[in-house]
Amino acid sequence: MTYEMIVTRTEGPDSRQVAIVTLNRPKQLNALNDQLMDELGRALKAFAADDSVGCIVLTGSEKAFAAGADIGAMANYSFADVYNNDFITRNWEQIRSIRKPVIAAVSGFALGGGCELAMMCDFIIAADNAKFGQPEIKLGIIPGAGGTQRLPRAVGKAKAMDMALTGRMMDAAEAERVGLVSRVVPLDKLMDEAMGAALTICSYGQPSLMAAKEAVNRAFEGGLSDGVMFERRLFHALFATQDQKEGMEAFVNKRKPAFKHR
Ligand code: HXC
């Protein structure tokens, strides 16, 4: 597949690769327009369907993961334009449907839709120069790709309201302190760190990875009892996989497991 606004590659052992997707509109600080989001959705779907890919890393440039949705492209949209064309839902929601783990490796600006895109990933590893924000209020709009929902779930109401109402940016240290990102590393170590995490993830069995992702996501999407029940049933179901037998037998026999992703 050919892309103009993203770059894709794979790395790692042939049987179990990490797919790296790089947002690539550097002059516009990776502002997210429809073409870019269409391409990203296509790439993610292709990697999701590729049995040799175990984990996906989404990244941008040193200066910007993404400085938001493309303001120039949106400036003249009318209500009918955005409603009739299902703006955002049409292509951004693809990311949520990817069942394999997706790590956001964020350096530089992750603002507006860029912050929302990072939050749609399963977790965020940030470079020490990362800056997160939901500055839509400055443009007379509000976040439109889940920011008002995922940010408070990640960092609590006080910080989320502060960000959404003032439009201020949060640096990497604050983002780690409040739980928006899982790790902060020096800029020149960002991809090594993300690849290390991705390769670790790739070493595990696919059914249990997908089940873990589904179960953790449930914590964000429903009540506690339902979430715990959902987790319990997935947990029970994993005892029907070969990987569970292999993983536990390998532990008992003090050897490395050879997962079959079955
Ligand atoms: C279109 C953008 C852009 C954006 C930057 N650019 N952000 N173009 N949409 N979101 C363009 C600039 O116009 C400029 O183009 C070039 O990228 C470099 O940006 P500068 O502003 O010159 O860089 P700098 O001075 O370093 O400032 C960086 C910045 C600033 C602080 C990130 O660019 C900025 O505030 N950007 C907008 C951030 C924002 O409001 N994001 C939310 C968008 S709304 P030229 O041609 O002049 O060189 C949104 C809604 C989401 O995301 C709703 C659902 C998805």
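Data block above holds the structure.
Before going into details, it helps to say that this report is about the structure given with it.

Definitions and limits used
- In every chain, residue numbers begin from 1 and rise along the written sequence.
- In keeping with the predicted nature of the model, local features appear solely for residues at pLDDT of at least 70, side-chain atom pairs appear and are counted solely at 80 or more, and the whole-chain, interface and lining totals rest on all residues.
- Side-chain measures were taken over the full set of non-hydrogen atoms in the model, leaving aside hydrogen atoms and water.
- Salt bridges are defined as contacts in which a side-chain nitrogen from Lys or Arg sits within 4 Å of a carboxyl oxygen from Asp or Glu.
- The cut-offs for exposure are 20% and 50% of the maximum accessible area for each residue type, with area from a 1.4 Å probe on protein chains only; residues under the lower value are buried, those over the upper are exposed, and the others partly exposed.
- Any two strands with at least two DSSP-identified bridges between them are counted as paired.
- Counting from the N terminus, the helices are the DSSP runs of H or I reaching at least four residues and the strands are the DSSP runs of E reaching at least two.
- Lines are fitted to the C-alpha atoms to define the axes, a helix being fitted only along its stretch in contact, and any angle between axes, read from their N-to-C directions, falls within 0 to 180 degrees.
- The contact definition used throughout considers only heavy atoms, calling two residues in contact when any of these lie within 4.5 Å.
- Classification of ring pairs rests on two measures: the distance between centres of Phe, Tyr or Trp rings, Trp counted by its six-membered ring, which must be within 6.5 Å, and the angle between planes, read as stacked under 30 degrees, edge-to-face over 60 and tilted in between.
- A ring is scored as having a charge over it whenever the NZ atom of a lysine or the CZ atom of an arginine sits within 6 Å of its centre and within 35 degrees of its normal.

### With respect to the pattern of salt bridges
In total, this model carries 14 salt bridges according to the counting rule given. With a shortest N-O distance of 3.8 Å, Glu 231 and Arg 232 are connected by a salt bridge. We classify Glu 231 as partly exposed; its relative accessible area is 41%. A relative accessible area of 36% means that Arg 232 is categorised as partly exposed. Residues participating in the shared-partner salt-bridge network are Lys 159, Asp 162, Arg 168 and Glu 174.

### Some details on the sheet that holds strand 9 (residues 169-171)
Across a sheet, paired strands are connected by hydrogen bonds in the backbone, their directions being either parallel or antiparallel. Taken in spatial order, the four strands of this open sheet run 4-6-8-9, and their pairing is mixed. Edge positions in the sheet fall to strand 4 (64-66) and strand 9, since each has one partner strand and no second. Taking the axes of each pair of neighbouring strands and ignoring which way they run, one obtains an average angle of 20 degrees across the sheet. Pairing geometry for strand 4 and strand 6 (residues 109-111), over two bridges, is parallel. In the strand pairing of strand 6, Ala 66 is matched with Ala 110. Contacts between helix 5 (residues 113-120) and the sheet are confined to strand 4, strand 6 and strand 8 (131-133), with strand 6 contributing the most and set at about 95 degrees to the helix.

### So, the packing of aromatic side chains
Within this structure, the stated rule accounts for three aromatic pairs. On the numbers, 5.3 Å between centres and 80 degrees between planes, the contact of Tyr 77 with Phe 87 is edge-to-face. Note that Tyr 77 is positioned in the loop between helix 2 (71-74) and helix 3 (79-84) and Phe 87 in the loop between helix 3 and helix 4 (89-92), a separation of ten residues in sequence. With relative accessibility at 23%, the residue Phe 87 sits in the partly exposed group. Their ring planes at 15 degrees and their centres at 5.2 Å tell us that Phe 79 and Tyr 83 sit as a pair that is stacked. In this pair, Phe 79 and Tyr 83 both sit in helix 3, four residues apart, roughly one turn of the helix. One residue, Arg 218, lies across the ring of Phe 230, its end atom 4.0 Å from the ring centre.

### Remarks on the sheet that holds strand 1 (residues 6-11)
Strand order across the open sheet formed by six strands is 1-2-3-5-7-10, with mixed pairing between neighbours. Where the open sheet ends on each side, the last strands, each with one partner, are strand 1 and strand 10 (183-185). Averaged over all pairs of adjacent strands, the angle between their axes in this sheet comes to 20 degrees, without regard to strand direction. Here three bridges tie strand 7 (residues 123-127) to strand 10, and the two strands are oriented parallel to one another. Bridging from a neighbouring strand, Ala 127 pairs with Val 185 of strand 10.

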